[in-house]
Amino acid sequence: MNILLVEDETRVADFIRRGLKGEGWFVEHAADGETALEFLKDRDFDVVILDLMLPGISGQDVCQRMRARKDLTPVLMLSALDATDDRIAGLRMGADDYLPKPFDFEELLARLEALNRRVFDFGAQGAPAYSNDETVLFDRAALQLTVDGQVIDLSAKERELVSLFLSNRKKVLSRERILNAVWGTQEDPLTNVVDVYIGRLRKKLGQHGSRITTVRGAGYRFD
Ligand code: CA
């Protein structure tokens, strides 16, 4: 899982980050709301852990602005205030779940996994993923890739990889994110399996292969 952690308290942020990295997840950290919104503009996250009390714009404002620009990334809101009013206000602003501080790390994990599962289930039943010009099409129900009207033979991992790219067009996907999404956390993070499979997928996409670009130091992007 690829997580954006928005938390201004260094001690809390370190605690969460260390724990989630230990689970094999990728964690990006933003110490304020403005930085978080910048990250969310051009990168893809599975879940946002959003602290309510932040310097500058509040967690509620961040959530509201995300939803206003049609960013539906699941949000788990954290707050030291356990008043029911705050919880309701947070959920009204578009947060998907709410966890009062202090919390048990196991509970945080369970809630993140539940949020991620909800999105994955929804995505799996959703409409076929299309590329912008509809020349590259992956049908999630039939698990079939069509390029310029031709059905392309793919392995299971190649199918997951192409589906991931088509669902995240124009967004940079880090190698860690791809590795977690397609191979799970068991794979050695130092492996070059991602690069090898991207090479294969580029070949199979033919003239569209060059649309998977390497973004130096960041990952890959499908345009
Ligand atoms: Ca705070």
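Sequence order as written defines the numbering, with residues in each chain counted from 1. Reporting of local features is limited, given that this is a predicted model, to residues whose pLDDT is at least 70; pairs of side-chain atoms are given and counted only at 80 or more, and all residues count toward the totals for whole chains, interfaces and linings. Note: side-chain values were computed over all heavy atoms of the structure, leaving out hydrogens and water.

A.B. asks: Describe the confidence of the model for the chain, listing the residues and the values that go with them.
C.D. replies: pLDDT measures how confident the predictor is about each residue, on a scale from 0 to 100. Confidence in the prediction of the chain, expressed as mean pLDDT, is 85, and 87% of residues score 70 or more. When the criterion is pLDDT under 50, residues 121-126 qualifies, and its contacts beyond four places in sequence or with other chains add up to two contacts. Any two residues having at least one pair of non-hydrogen atoms within 4.5 Å are treated as being in contact.

A.B. asks: Lay out the coordination of the calcium ion in plain terms, naming residues and giving numbers.
C.D. replies: Six octahedral donors around a metal ideally make angles of 90 or 180 degrees; four tetrahedral donors ideally make 109.5 degrees. The rule for donors is simple: N, O or S, within 2.8 Å of the metal, or within 3.2 Å if the metal is Na, K or Ca. Water isn't counted, so a site may look like it is missing partners. Of the protein atoms, only Asp8 (OD), Asp51 (OD) and Met53 (O) coordinate the calcium ion, at distances of 2.1 to 2.3 Å. When the donor residues of the calcium ion are listed from N- to C-terminus, their spacing reads D-x42-D-x1-M. Here Asp8 is found in the loop between β1 (2-6) and α1 (10-22), whereas its partner Met53 is found in the loop between β3 (47-51) and α3 (59-68), with 45 residues between them in sequence. Helix and strand assignments follow DSSP, with helices taken as H or I runs no shorter than four residues and strands as E runs no shorter than two, numbered in order from the N terminus.

A.B. asks: Outline the environment of Leu52, supporting the account with residue identities and numerical values.
C.D. replies: By secondary structure assignment, the location of Leu52 is in the loop between β3 and α3. Sequence separation between Leu52 and Cys63 is eleven residues; the distance between their C-alpha atoms is 9.6 Å.

A.B. asks: Outline unusual backbone geometry, listing residues and values.
C.D. replies: Following Lys101, the chain continues into Pro102 via a peptide bond in cis, with omega recorded as -5°. Inspection of the secondary structure puts Pro102 in the loop between β5 (97-100) and α5 (105-125). Phi is positive for Asp148, close to 50°, though the residue is something other than glycine. As for its placement among the helices and strands, Asp148 is situated in the loop between β8 (144-147) and β9 (150-152). For the exposure calls, accessible area comes from a 1.4 Å probe over protein chains only, and a residue counts as buried if that area is under 20% of its type's maximum, exposed if over 50%, partly exposed in between. The exposure class of Asp148 is partly exposed, given its relative accessible area of 40%. Despite not being glycine, Lys170 has its phi angle at roughly 65°, a positive value.

A.B. asks: Mind laying out the nonpolar core, listing which residues take part and the relevant values?
C.D. replies: Ranked by size, the top nonpolar core spans 24 residues in total, and within it Phe165 and Ile178 carry the most contacts. Beyond its immediate sequence surroundings of up to four residues, Phe165 is in contact with Leu173, Ile178, Ile198, Leu201, Ile212, Tyr220, Arg221 and Phe222. Grouping buried Ala, Val, Leu, Ile, Met, Phe, Trp, Tyr and Cys residues that are joined through side-chain atoms within 4.5 Å yields what is termed a nonpolar core.

A.B. asks: Can you break down the pairing of strand β11 (residues 219-222) residue by residue, with the values?
C.D. replies: The rule for pairing is simple: two strands pair if DSSP sees at least two bridges between them. Bridging between strand β10 (residues 212-215) and β11 involves four bridges; their strand directions are antiparallel. Paired with Thr214 across the bridge in β11 is Tyr220.

A.B. asks: Outline the sheet that holds β3, supporting the account with residue identities and numerical values.
C.D. replies: Read from one edge of the open sheet, five strands run β2-β1-β3-β4-β5, paired in parallel fashion. Strands at the two margins of the open sheet, each flanked by one partner only, are β2 (26-30) and β5. The sheet shows a mean angle of 20° between the axes of neighbouring strands, taken without regard to direction. Angles here are taken between N-to-C directions and fall from 0 to 180 degrees, while the axes themselves are lines fitted to C-alpha atoms, restricted in helices to the stretch in contact. Here α3 sits on the sheet in contact with β3 and β4 (75-79), set at roughly 165° to β4.

A.B. asks: Tell me about the pattern of salt bridges, residues and numbers included.
C.D. replies: What makes a salt bridge here is a side-chain nitrogen of Lys or Arg within 4 Å of a carboxyl oxygen of Asp or Glu, nothing more. Tallied over the entire structure, the rule returns 15 salt bridges. Here Arg177 makes a salt bridge to Asp44, at a shortest N to O gap of 2.6 Å. Placement of Arg177 in helix α7 (residues 175-183) and of Asp44 in the loop between α2 (33-42) and β3 is noted, with a sequence separation of 133 residues between them. Connected via shared salt-bridge partners are Glu7, Glu9, Asp51 and Lys101.

A.B. asks: Could you give an account of the environment of Lys157, naming the residues involved and the relevant values?
C.D. replies: Looking at the element boundaries, Lys157 is found in helix α6 (residues 156-167). Judged by its relative accessible area of 27%, Lys157 falls in the partly exposed class. When sequence neighbours within four positions are dropped, the list of residues in contact with Lys157 reads Val182, Trp183 and Tyr197.

A.B. asks: Tell me what's going on with the packing of α6 against α7, and back it up with residues and numbers.
C.D. replies: Here α6 crosses α7 at 130°, and the two axes come no closer than 9 Å. Compared by their axis directions, α6 and α7 come out oblique. Considering how the two elements wind past one another, α6 and α7 form a crossing that is right-handed. For the pair α6 and α7, contact is made by Lys157, Glu160, Leu161, Leu164 and Phe165 and by Arg177, Ile178, Ala181, Val182 and Trp183, respectively. Residues are grouped as follows: Ala, Val, Leu, Ile, Met, Phe, Trp, Tyr, Cys and Pro are nonpolar; Asp, Glu, Lys and Arg are charged; every other residue, Gly included, is polar. Counted by class, the contact of α6 with α7 contains seven nonpolar, no polar and three charged residues. Comment on the angle field: the value is read as roughly parallel under 35 degrees, roughly antiparallel over 145, roughly perpendicular from 65 to 115, and oblique elsewhere. Crossing chirality is assigned from the near helix's rotation relative to the far helix, an anticlockwise turn below a right angle marking it left-handed and a clockwise turn marking it right-handed.

A.B. asks: Before we move on, could you go through α2 and cite the residues and values that matter?
C.D. replies: Within the span of α2, buried status applies to Gly33, Ala36, Leu37, Phe39 and Leu40. End-on, the buried residues of α2 take up no more than an arc of 160°, which puts them together on one face. Buried residues in α2 make contact with β1, β2, β3 and α3. Side-chain atoms alone can form a polar contact between residues adjacent in sequence; in general such a contact is a pair of N or O atoms within 3.5 Å, and within protein one must be able to donate a hydrogen while the other accepts it. For α2, the N-terminal capping position is held by Asp32, with its side-chain oxygen 3.1 Å away from the main-chain nitrogen of Glu34. In this context, the arc is that of the directions from the helix axis out to the C-beta atoms.

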